[in-house]
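Listed here are the chains, written in short residue letters.
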Amino acid sequence: MAYPQQTAPPMGMYHHPAAHPSMMMHHGSRLDLLEAEVNHIRYSTPPSASMSKLPGMVPSPTKLGGSEVLDFGSLSGASTGASSNLMDTTMASSADASVAAPGHHAYHQLFSLYKDAVTQLNSLQVRHTQLMSTHQELMMAHYGALQYAAETESNASTGPAGAPKKQLKKHPCMGVIRLDYNYPPADGDTDSPASFGFDVTYRVVPGMTFEIAQAGKFTEAVERRFAEGIKFLEQKGVNAITGDCGFMMAFQVLARKIATVPVFMSSMVQCPVIGAAFDAKDQILILTANGNSLKPQKDVLLNHCGFDVEEDRFVIRGCQDIPGFDAVAKGQAVPIDIVQPGMVKMTADIIRQNPRISGILLECTELPPYADALRASTGLPVWDAVTAADFYISGFKDNPRFGVDDWQAEWDQEQEEYAFGQNLIEKERAQLVNKASAPGAKKAAKPKSKAAAQKMKKMAKKQAPTLGVVRLDYNYPPAAGDIDCAASYGYDVLFRCVPGLTFEMAQSGMMSYRVQQEFVTAIQWLEKKGVCGITGDCGFMMAFQPLARDVATVPVFMSSMVQCPMISVAFDKYDVILILTANSKTLEPQKNVLLKECGFDVDDTRFLIQGCQDVDGFDAVAKGEKVDVERVTPGMVKMVQDLLSMQPNIRAILLECTELPPYADALRQATGLPVWDAITCADFFISCCKDNPRFGLNQWQNDWDGTVEEYKLGEHLTAKQRGRLT
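Residues numbered from 1 in each chain as written. Predicted model: local features only at pLDDT ≥ 70, side-chain atom pairs only at ≥ 80, totals over all residues. Heavy atoms only, no water.

Draft legend 1. Structural context of the overall build of the protein chain. Of regular secondary structure, the protein chain possesses 24 helices and 20 strands. When the 726 residues of the protein chain are sorted by exposure, 50% land in the buried category. Pairs at least 24 residues apart make up 74% of the contacts formed inside the protein chain by residues separated by at least 6 positions. Accessible surface, the protein chain: about 33,600 Å² in total, of which carbon and sulfur atoms supply 54%. (Helix = DSSP H or I, 4+ residues; strand = E, 2+ residues; numbered from the N terminus. Buried < 20%, exposed > 50% of the residue type's maximum accessible area, 1.4 Å probe, protein only. Contact = heavy atoms within 4.5 Å. Areas by Shrake-Rupley, 256 points an atom, 1.4 Å probe, with all protein chains shown as cover.)

Draft legend 2. View of the nonpolar core. Counting 79 residues, the largest nonpolar core has Met-174, Tyr-392, Leu-467, Tyr-489, Met-561, Phe-600 and Phe-685 as its most contacted members. No other element matches the seven residues that helix 23 (residues 678-687) contributes to this core. The residues touching Leu-467, leaving out its near neighbours within four places in the chain, are Tyr-489, Tyr-491, Asp-492, Val-493, Leu-494, Val-531, Gly-533, Thr-535, Phe-557, Ala-682 and Ile-686. If you look at the next biggest cluster of nonpolar residues, it comprises 27 residues, including Cys-612, Ile-653, Cys-657 and Ala-666. (Core = buried A, V, L, I, M, F, W, Y, C linked by side-chain atoms within 4.5 Å.)

Draft legend 3. A look at the sheet that holds strand 17 (residues 576-581). Spatially, the four strands line up as an open sheet ordered 18-17-19-20, and their pairing is parallel. The open sheet has two edge strands with one neighbour each: strand 18 (607-611) and strand 20 (675-676). Taken together, the five bridges between strand 17 and strand 19 (residues 650-655) define a ladder with parallel strand orientation. Within strand 19, the position partnered with Val-576 by the bridge is Ile-650. (Pairing = 2+ DSSP bridges.)

Draft legend 4. View of unusual backbone geometry. In this structure, Asn-423 is a non-glycine residue whose phi angle is positive, near 70°. In this structure, Asn-423 sits in the loop between strand 11 (414-416) and helix 14 (426-430). One non-glycine residue, His-716, adopts positive backbone phi at about 70°.

Draft legend 5. Broad picture of the sheet that holds strand 3 (residues 173-178). What the four strands build is an open sheet, ordered 4-3-5-6; its pairing is parallel. Taken across any chain shown, the strands that pair with only one partner, and hence form the sheet edges, are strand 4 (199-204) and strand 6 (263-264). With six bridges joining them, strand 3 and strand 4 adopt parallel strand pairing. Across the sheet, residue Ile-177 finds its bridge partner in strand 4, namely Arg-203.

Draft legend 6. Representation of the side chain of Asp-572. Looking at where Asp-572 falls in the secondary structure, it is placed in the loop between helix 18 (564-568) and strand 17. For the buried residue Asp-572, which engages in no salt bridge, the nearest side chain bearing the opposite charge is Lys-257, 4.0 Å off. The contacts of Asp-572, once residues within four sequence positions are left out, are Arg-256, Lys-257 and Arg-606. (Lys, Arg positive; Asp, Glu negative; His and termini not counted. Salt bridge = Lys/Arg side-chain N within 4 Å of Asp/Glu carboxyl O.)

Draft legend 7. Highlighting the environment of Asp-412. In this fold, Asp-412 is placed in the loop between helix 13 (385-394) and strand 11. A C-alpha to C-alpha distance of 10.0 Å links Asp-412 and Gly-197, two positions 215 residues apart in sequence. A distance of 2.9 Å separates the side chain of Asp-412 from the backbone nitrogen of Glu-414, its partner in a polar contact. (Polar contact = N/O pair within 3.5 Å; in protein donor to acceptor, adjacent residues only side chain to side chain.)

Draft legend 8. Representation of helix 6 (residues 220-235). Here helix 6 is 16 residues long and its end C-alpha atoms lie 23 Å apart, about the 22 Å a rise of 1.5 Å per residue gives. When helix 6 is considered as a whole, its buried residues turn out to be Val-222, Arg-225, Phe-226, Ala-227, Gly-229, Ile-230, Phe-232 and Leu-233. Of the residues flanking the end of helix 6, it is Gly-237, one or two places downstream, whose phi is positive at about 85°. (Expected span 1.5 Å × (residues − 1).)

Draft legend 9. Spotlight on the pattern of salt bridges. For the structure shown, the criterion picks out 20 salt bridges. As a salt-bridge pair, Asp-326 and Lys-330 come within 3.3 Å of each other at their nearest N and O atoms. Residue Arg-651 is joined to Asp-575 by a salt bridge in which the shortest nitrogen-to-oxygen separation is 3.7 Å. Placement of the pair is Arg-651 in strand 19 and Asp-575 in the loop between helix 18 and strand 17, with a sequence separation of 76 residues. Relative accessible area serves as the criterion here: at 10%, Asp-575 is assigned to the buried category. Linked through salt bridges whose partners overlap, the residues forming this network are Arg-178, Asp-191 and Asp-244.

So this is what it looks like as structure tokens:
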């Protein structure tokens, strides 16, 4: 829209009332009439006789200012145009002289009426002048607003020099399907917008009560409304959809059939990835609202999350007996300050009884507010509904540290407060079991309260999370975004090379005895340095995942392929996931390992594997040379776009090769699809050890200083170990 050129209204345009003579007409005619009668009374002898002889001149009493006065409103035949300056000295003298004259009482009242009228007229004129001045100011402000809007629109369509400016894609947004259940959510709860670092849109499903979700069965009417809710969220442009109750996992399959974006109706979708990161003998503690709540979900969790309720590996405990937590069942505000100490104590007791517990998963959507307190007190990684949401949104989010810039709008840091029943039409609100609330308003996202932190002053701060990377005995110049570039991460990273572990050895999936010992030493060294997760700089290291897990006590994810089950569970079985690798034949030798460790079948038609070996400039990877990312990016994007034209049911992209993350942003921008890679994988595992700044316990962990240390191959090795480098 082009705005017309505006002209500011002339100063003083409405300053004098003469600019609007019509506004004076009524008052002027009445005053002329009064002035004529005053003159008539003054010069008539006797005044009383004169007034009584004139037809229609008999005054009638009326009220003015609470006093009874004469009303001359019905006077007629009086001449107009008399002088308006009747309050001069002559007028005053005549008035004093006529006090004793016959009829002076009528004249005195008439004169008082005249003075009152003039006073009111002056007051109206002052008020009118003020209104005109205010109006002029508003007109000037309106003019300025139009000018600003015109300039803003012009800047949005052109660059600084008038060149066309590309349109930014909106910041990713998440959709949440809500139960027909109204309660006051705490920050950290899925139903609190303040829990997330991105926009959230909520949609309640009328009639979908807690009991229906727990039973895992819909009535026909509620199922139709559930489908409408999913469609509504997609129409609003959300990038991923979740639910506000873990029991909704029973409806995961239905939701996936309707949606085209990733769907994760429960935090339990993280189970396969978490399980793959730990040794089989390690245990995972799963906290839920009620210890028996997962039993009815047994088949669903096993089929879609790879989680067996009966398996000894998972220790399931309910929080129903913690003082204050019963507010959840009552639909009341949960007293976090009361519940948190009980949550920490219960968890500590469980870990003492089960010392093999290596990680914690919070299943209930009302448990994330306690995640930081559990991380601080146990030192274990903690996953919840928020870490799951962050993972899926990361597939759509611009990475500010590398890749294409200026393609996605930054988040405005404002959350729209949701009122229960919002985003429903009147008919749908009438179908709610719970009453709708008043609409909310946007407010700036605020950091979490530090009140709870005051109780933890005596606790020594823990170090900021650090990632450990096992490196091949292979030296090359990594680009920003590459797993071997320290600048690729938003946290500290430690690299440790394994002497003798060549690319060819990793590709074969077999290590010599000496190299295996060096590999074990590298894992142990990284753990001693305090890393909270360990990965590898080559996807072929997935073959060594079992060995690394056996040695380490922290999560191990030697390849980005461990994300496969978490990605595939979010899409329909007929949707396709594109996997890009350095060479299309490289995953064949890893077939058995990938199936066993990642639940990924190389021959599954749901996964389309595409090598990048023919992309112009990408051959530098195989040659061990520096990759020209700017040169490779257009070819990478074109290759994927060509695949999408032939396979329109591709819904997501996974970059297997550790040198592919530099192209993730370009692919997100060009395709609109979520893209996961080695960096999103590392971010996911680091998030479970990291203080969440938006809610929960605060000031328990040191902040990252924002600096990265450049690594040189052979660093952190003894002279003897460096002598074994190839």
